[in-house]
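Structural description and commentary
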Protein chains: 2
Amino acid sequence: MNILIVLAHPEPQSFNHALTAAASDVVKARDDEIRVSDLYALGFTPDEHSRHFRQRANPDLFDVQTEQRFNAAKASLAPDVRQQIENLLWADIVILQFPLWWFGMPAILKGWMDRVFVYGELYSGSRRFHTGVCRGRRAVLSVTLGSDVEACGYNGQEGDTRLILWPANYALHYLGFTVLEPRIVAGVRGGYSNEEAPSRRRFLDETIRDHRRWIGGLDEAATLAFNAPDDWDERRRLKPGAPVYHPFIRHRAEQSG
Amino acid sequence: MNILIVLAHPEPQSFNHALTAAASDVVKARDDEIRVSDLYALGFTPDEHSRHFRQRANPDLFDVQTEQRFNAAKASLAPDVRQQIENLLWADIVILQFPLWWFGMPAILKGWMDRVFVYGELYSGSRRFHTGVCRGRRAVLSVTLGSDVEACGYNGQEGDTRLILWPANYALHYLGFTVLEPRIVAGVRGGYSNEEAPSRRRFLDETIRDHRRWIGGLDEAATLAFNAPDDWDERRRLKPGAPVYHPFIRHRAEQSG
């Protein structure tokens, strides 16, 4: 099996890096292959911009999808994007490893989605969801939170992290990935390597052990449920009676506020 | 009144730019003041990174919040961040104008949050939500969607846009802003200035007219409801019986899946 970890944290001594190293150890020990895309170490450029496109379908107006599709067809995508796409299509399992900042991914990882999920290459109107380019592959979010676990739970003031991750999980589902239940670690603050307080050190060490077990058990990990192709009508609305898996897509009776 | 528009679109002829220009016209016509932070035109750098900090509380390990607070206290924040904070604290109303990309903000705008919402300057543990630095000011998301309106509605395959925007709205609430109902325009594809198909042109022109009316009526715009300080217990959990405004924070009986 090929495992890709896309890592988005600016500090090499961070706990996110320690989790990545632990995952890498487990994968190597069982003779699977691993690649790590350390976006900060790569200096990955997050802003989708006309300057990234060597050719232009329309030199007078920059439309992202038009130029993504055109440059995909001309094999003239930016080298950093091409490398990231190759990694994605090499991997059987993709892990996005990041801290939650302002209720979302760090900008460098959001920009990785904006630039690498190329129209015409990784999706199109006819190749998405259950016909997506990445069907048969698995993807999973692995997230650290600064807040304590109660504040990030279903009734916590920071909002339910599992729901906050819905947009990112849905983007992975859009590409066709089978999306696994996210791995969420709350109460992570500061670094890892320099942590000296015994109680903090113990918590972090235990979490690393949990993470190794989690990586070891990915083959049996629970998957997120999404609606099937037949659940949608011709205008892409949920059909009456279709199941509801997440509050982001619902029947009118379930609409809140 | 002072109005700030933070604009995140890479193409000057885009519909997002046209909406910004229309809003600007309305504001100027009534002798209010307007500033536009065009993040792409500014070349705003989205990735929060140690290189942005001129001084370091800890030169051996980069922790974002630690260095944000330290540099805020030393008045050594990066000039681009300082400028954006000054704009925020100048404004009575802040409008974030952006296209929805992969169910979220473009990376350049997420990075604006990551870098500009500075710990120790715009929030702290004791200055957030109802005690937030930005209380008394209003903020609102103005979003364009490429998909058709049905696919972005409450039962649409793209997910309910109003809920997808919850994390960004909550970040604004976190700073203390009064958050207005978002302005959402679906069915926006390609550019604006070059649009020649009559039916498309008519749709875009009508949307611009709606936008002018919306800007003109911001003083009466509906606000989003959030829980009050007394709704939380000492571990930041929703108290039994407290109202529920969004599915991101809920009582156990309402938990879905």
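Residues numbered from 1 in each chain as written. Chains lettered and ligands numbered in written order. Predicted model: local features only at pLDDT ≥ 70, side-chain atom pairs only at ≥ 80, totals over all residues. Heavy atoms only, no water.

1. Overview of the overall build of chain A
- Assigned secondary structure in chain A consists of eight helices and six strands.
- Ordered by position in the sequence, the α and β elements of chain A form the string β-α-β-α-α-α-β-α-β-α-α-β-β-α.
- The C-alpha atoms of chain A give a radius of gyration of 19 Å, which matches the 18 Å a tight globule of 257 residues would have.
- Taking as baseline every contact in chain A between residues at least 6 positions apart, the subset at least 24 positions apart corresponds to 70%.
- When the accessible surface of chain A is summed, it comes to about 10300 Å², and 47% of that surface belongs to carbon and sulfur atoms. (Helix = DSSP H or I, 4+ residues; strand = E, 2+ residues; numbered from the N terminus. Rg over C-alpha atoms; globule rule 2.2 N^0.38 Å. Contact = heavy atoms within 4.5 Å. Areas by Shrake-Rupley, 256 points an atom, 1.4 Å probe, with all protein chains shown as cover.)

2. Observations regarding the pattern of salt bridges
Residues and elements named next belong to chain A.
- Enumeration according to the criterion identifies 34 salt bridges over all chains in this entry.
- The partner of Lys110 in a salt bridge is Asp114, and the shortest N-O contact between them spans 2.6 Å. With Lys110 and Asp114 both in helix H5 (residues 107-116) and four residues apart, the pair spans about one turn of that helix. For the pair shown, Lys110 and Asp114 are each scored as buried.
- Within the structure, one salt-bridge network assembled from shared partners comprises Glu48, Asp80 and Arg115. (Salt bridge = Lys/Arg side-chain N within 4 Å of Asp/Glu carboxyl O. Buried < 20%, exposed > 50% of the residue type's maximum accessible area, 1.4 Å probe, protein only.)

3. Topic: the packing of aromatic side chains
- Scanning the model with the defined rule gives 33 aromatic pairs over all chains in all.
- Summarising the aromatic geometry, the rings of A:Trp166 and A:Phe248 are spaced 4.2 Å apart at their centres and angled 5° between planes, so their arrangement reads as stacked. Of this pair, A:Trp166 sits in helix H7 (residues 166-174) while A:Phe248 sits in the segment after helix H8 (198-216), placing them 82 residues apart in sequence. A:Phe248 matches A:Trp166 in its accessibility class, with the two residues each being buried.
- Geometrically, the ring pair formed by A:Trp166 and B:Phe103 is edge-to-face, given 6.5 Å between the ring centres and 75° between the ring planes. Taken together, the residues A:Trp166 in helix H7 and B:Phe103 in the loop between strand E3 (93-99) and helix H5 (107-116) connect one chain to another.
- Assessed through its relative accessible area of 3%, A:Trp166 is described here as buried. (Phe/Tyr/Trp six-rings, centres within 6.5 Å; stacked < 30°, edge-to-face > 60°.)

4. Quick look at the relation of the copies chain A and chain B
- Rotating chain A by 180° about the axis while translating it 0.0 Å along that axis superimposes it on chain B, leaving an RMSD of 0.0 Å. Overall, the copies show the geometry of a two-fold rotation axis. Nearest to the rotation axis, the C-alpha of A:Ala107 is located 2.4 Å from it, this being the minimum over chain A.
- Both copies contact each other with a shared surface, as 100% of the interface residues of chain A are interface residues in chain B too. (Least-squares fit on C-alpha atoms with pLDDT ≥ 70 in both.)

5. Details of the nonpolar core
- Grouped together as the largest cluster of nonpolar side chains are 126 residues, with contacts concentrated most on A:Trp112 and B:Trp112.
- Residues within four places of A:Trp112 in sequence aside, it is in contact with A:Val6, A:Leu39, A:Phe44, A:Gln84, A:Leu88, A:Leu96 and A:Phe117. (Core = buried A, V, L, I, M, F, W, Y, C linked by side-chain atoms within 4.5 Å.)

6. Concerning unusual backbone geometry
- Not every positive phi belongs to a glycine, and B:Asp31 is a case in point at roughly 65°.
- In this structure B:Asp31 comes out as exposed when scored by relative accessible area, which is 68%.

7. What to know about the environment of A:Leu19
All names here are of chain A.
- With respect to the secondary-structure elements, Leu19 resides in helix H1 (residues 15-29).
- The class for Leu19 is buried, based on a relative accessible area of 1%.
- C-alpha separation for the pair Leu19 and Arg30, spaced 11 residues apart in sequence, amounts to 17 Å.

8. What about empty space enclosed by the protein?
- Here the structure, examined in full by the defined rule, presents six cavities of 30 Å³ or more.
- Approximately 290 Å³ is the volume found for the largest cavity.
- Lining the largest cavity are 22 residues, with A:Phe103, A:Gly104, B:Phe103, B:Gly104 and B:Met105 positioned closest to its centre.
- If you list the elements that add at least two residues to the lining of the largest cavity, you get H7 of chain A together with helix H7 (166-174) of chain B.
- Of the residues belonging to the lining of the largest cavity, the class tally is 18 nonpolar, two polar and two charged. (1 Å grid on protein atoms, 1.4 Å probe; cavity = no way out; pocket = protein on both sides within 12 Å on 5 of 7 lines; lining within 4 Å. Points joined across faces, edges and corners; volume = space filled by probe spheres on them. Nonpolar A, V, L, I, M, F, W, Y, C, P; charged D, E, K, R; others polar.)

9. Some details on the interface of chain A and chain B
- Contacts between chain A and chain B engage 67 residues on the former and 67 residues on the latter.
- Linking chain A to chain B there are six salt bridges.
- Put simply, A:Glu158 and B:Arg236 hold a salt bridge, and the shortest N to O gap is 2.6 Å.
- For the pair chain A and chain B, the number of links is 28 residue pairs in polar contact (both at pLDDT 80 or more).
- Within the residue set of the side of chain A that touches chain B, elements represented by two or more residues are H5, helix H6 (161-164) and H7 of chain A.
- Among the elements that make up the side of chain A that touches chain B, the one with the highest residue count is H5(A) (six residues).
- The residue inventory of the side of chain A that touches chain B, partitioned by class, reads 33 nonpolar, 17 polar and 17 charged. (Polar contact = N/O pair within 3.5 Å; in protein donor to acceptor, adjacent residues only side chain to side chain.)

10. Some remarks on the pairing of strand E3 (residues 93-99) of chain A
Residue and element names in this part refer to chain A.
- E3 sits mainly inside the fold: seven of its seven residues count as buried.
- Direction of pairing for strand E1 (residues 2-7) relative to E3: parallel, over a ladder of five bridges. In the sheet register, Ile5 faces E3, and the bridge partner there is Ile95.
- As judged from the seven bridges shared by E3 and strand E4 (residues 138-144), these two strands associate in the parallel manner. Bridge pairing links Ile93 to Arg138 in E4.
- A crossover connection joins E3 to the parallel E4 through H5; in handedness this β-α-β unit is right-handed. (Pairing = 2+ DSSP bridges. Right-handed = clockwise from strand over helix to strand, strands pointing away.)

11. A word on the side chain of A:Arg200
- Tracing the backbone through its elements, the reader meets A:Arg200 in helix H8.
- There is a polar contact of 3.0 Å between the side chain of A:Arg200 and the backbone oxygen of A:Gly187.

12. Here we look at the side chain of B:His211
Residue and element names in this part refer to chain B.
- With respect to the helices and strands, His211 occurs in helix H8 (residues 198-216).
- For His211, a relative accessible area of 1% gives the class buried.
- In contact with His211, other than residues within four places in its own chain, are Leu19, Ala23, Gln97, Ser142 and Arg183.

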